[in-house]
Structures are given as C-alpha cells and as structure tokens.
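Letter by letter, the chains look like this.
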Amino acid sequence: MTIIIPRWEWRTFADDMAEYGKSLTKYGEAKIKKTEEKYILSQQSDENVKIRFDVVDVKSLRNINSDGLEQWDPIMKEGFPINKENLQKLFAILKVSLPNLEKDIYSYEEFLEEVVKPCQQLRIVDVKKERYIYSINDCAVEYAKTEFDGKHYETACVEHIDPAIVMQTVEELGLLGKTNINYITAMKKSVGLK
C-alpha cells in the first residue's frame, strides 16, 4: 500500500499573472495540463470536492502552519456510478443533509441533477484550468489560467512536503506578500457563496 504524504501548499490568485507565468520559463519547459472540472461548494464546509475525469476527488484541510501554508489530505476518490453508501460519506464531508435517495446507484448525470442540484446549500461550479507545471527546488510550481463559471482568474502555486522549502521557493519566485488563498476560498468569493 502506497503511503501518501500530504504536501504543504501556498497559492494566490489574481486577474492577470502573465508576467509571472513568463518568468517561470527560465526554469525549463512546463508540463501543460488542460482540464474541465466541476467543483461542489458547500455553505457548511470548506472541503475541496471536485469531479475530474468522472471521479469524485475530495481533499480535506488538515493543517495550517505559522506561515499560513495549508496541508491538504486526500480522503476520498470514487468513480461513477456512485452508490448510496459513498453518497452518505460525501454529504457528511459537505456537512449537509442527503436528499431522499430513490435509487441505490447514481450515474454522473443523475448525481448532479437528482442529488446535488436540489440541495440549496450546495453550488456546482464549472471550472476550466490550463496549468503550466514546473519543478523548482523539488517543489511542484504551477502557473495556471482558470475560469470559475466563465470568470477568468490566474493562479500561482508552490507545493512540497517540507514547508520550509515551500516558503524558500515562494520568496525566490517573488511571491512573498501576495495573499495566500486556496481554490475553495477563491471560488466561493467569485461566485458569492459564503
């Protein structure tokens, strides 16, 4: 069994970070990933719940250190169709009541239309990402162009299992002083969900 060591993450968002993106090219060629995802936001929870490649992927915020770095831990990964037991686990994570389920198993479309959308405390956000990923100081360093329900933002991220290396890299990249904000907080602000 593979042991997953949660990484410490620093991230910021802005309307335009193109100059920062260009500055990373001196570190070599980026690995480019383009994805379309759906995030499920909850008024009651700040857990990171997204659907990517037809898989529900959940990360939980485990720690915040004195520098404000966040450590996110993968706690659930389930493909579709999804059963009632896993829906109960997911809604417990989202901290909202599960609607009455008429079936034992739900397809991707049924899950969105019949389980999530009727719940007024949840919000589905369509997210597009074009990520440029570099390895700098053994950190995963990312510059990305994103859209939250069609609103454009750009983001920079540094991740590593050692928080000191994250902060060293943030400083090296000229990002110190920028607001450290995670995807869920940024997305809730963008779509007006408190």
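Throughout this document, residue positions are counted from 1 along each chain, in the order its sequence is written. For this predicted model, a pLDDT threshold of at least 70 governs which residues receive local features, and a threshold of 80 or more governs which side-chain atom pairs are given and counted, while totals over whole chains, interfaces and linings are taken from all residues. Side-chain measures were taken over the full set of non-hydrogen atoms in the model, leaving aside hydrogen atoms and water.

Q: It is not clear to me how unusual backbone geometry should be interpreted in this structure. Could you clarify?
A: Negative phi characterises most residues that are not glycine, and trans characterises most peptide bonds. Cis geometry marks the peptide bond from phenylalanine 80 to proline 81, where omega comes out at 0°. Of note, proline 81 is situated in the loop between strand E5 (70–79) and strand E6 (82–83). In this structure, lysine 95 takes a positive phi of about 60° despite not being glycine. Of note, aspartate 138 is a non-glycine position whose phi angle comes to about 70°, a positive value. Secondary structure is summarised from DSSP: a helix means a run of H or I of at least four residues, a strand means a run of E of at least two, and numbering begins at the N terminus for each. Relative to the helices and strands, aspartate 138 resides in the loop between strand E8 (122–136) and strand E9 (139–148).

Q: Help me out: how do you make sense of the side chain of asparagine 48 in this one?
A: Position of asparagine 48 relative to the elements: it lies in strand E3 (residues 48–52). The exposure class of asparagine 48 is buried, given its relative accessible area of 10%. Not counting residues within four places of it along the chain, the set of residues in contact with asparagine 48 comprises Tyr39, Asp57, Val58, Lys59, Trp72, Tyr183 and Ile184. Classification of residues uses two cut-offs on accessible area relative to the type maximum, computed with a 1.4 Å probe and protein chains only: under 20% is buried, over 50% is exposed, and between them is partly exposed. A contact between two residues is defined here by any heavy atoms of the two lying within 4.5 Å.

Q: What's the story with the layout of surface pockets in this structure? I'm lost.
A: The gaps left among the atoms become clear once a water-sized probe is rolled over them. Taken as a whole, the largest pocket holds about 610 Å³ of empty space. Lining the largest pocket are 24 residues, and of these Arg7, Glu9, Lys59, Arg131 and Glu159 sit closest to its centre. Of all elements in the fold, only strand E1 (8–14), strand E2 (31–42), E3, E5, E8, E9 and strand E10 (151–160) reach the threshold of two or more residues within the lining of the largest pocket. Residue polarity is assigned by list, with Asp, Glu, Lys and Arg as charged and Ala, Val, Leu, Ile, Met, Phe, Trp, Tyr, Cys and Pro as nonpolar; anything else, Gly included, falls into the polar class. By residue class, the composition of the lining of the largest pocket is eleven nonpolar, two polar and eleven charged. The definitions used throughout rest on a 1 Å grid laid over the protein atoms alone, on which a cavity is an enclosed set of points accommodating a 1.4 Å probe that cannot get out and a pocket is an open set flanked by protein within 12 Å on both sides along at least five of seven lines; lining residues are those having an atom within 4 Å of a point. Grid points are joined across faces, edges and corners, and a volume is the space filled by probe spheres set on the points. One number sums up the size of the second largest pocket: a volume of about 180 Å³. Elements supplying a minimum of two residues to the lining of the second largest pocket: E1 and helix H5 (183–191). Residue composition of the lining of the second largest pocket, grouped by class: six nonpolar, three polar and one charged.

Q: Honestly, the sheet that holds E5 in this entry has me stumped. Any pointers?
A: A pair of strands is considered paired only if DSSP assigns at least 2 bridges between the two. If you trace the eight strands once around the closed barrel, you get E1-E5-E4-E3-E2-E8-E9-E10, paired in antiparallel fashion. Averaged over neighbouring strand pairs, the angle between their axes works out to 35° when direction is ignored. A fitted line through C-alpha atoms represents every axis, and for helices the fit uses only the stretch in contact; the resulting angles, taken between N-to-C directions, go from 0 to 180 degrees. Those strands touched by helix H2 (residues 84–94) are E2, E3, strand E4 (55–64), E5 and E8, and its axis lies near 155° from that of E5. The strands that helix H3 (residues 108–116) touches are E2, E3 and E8; relative to E2, the one it contacts most, it runs at about 30°.

Q: It is not clear to me how the nonpolar core should be interpreted in this structure. Could you clarify?
A: Buried together is how nonpolar side chains tend to be arranged in soluble globular proteins. For the purposes of this section, nonpolar cores are sets of buried Ala, Val, Leu, Ile, Met, Phe, Trp, Tyr and Cys residues that join through side-chain atoms within 4.5 Å. Counting residues in hydrophobic clusters, the biggest one holds 24 residues, and the most contacted among them are Ile40, Ile51, Val56, Leu90, Phe111 and Leu122. Among the elements of the structure, E3, E4, H2, H3 and E8 are those that each provide at least two residues to this core. Leaving out residues up to four positions away in the same chain, leucine 122 has contacts with Ile40, Leu41, Ser42, Phe91, Leu94, Val96 and Val116. Counting 20 residues, the second largest nonpolar core, distinct from the first, contains Leu69, Tyr132, Val158 and Val166.

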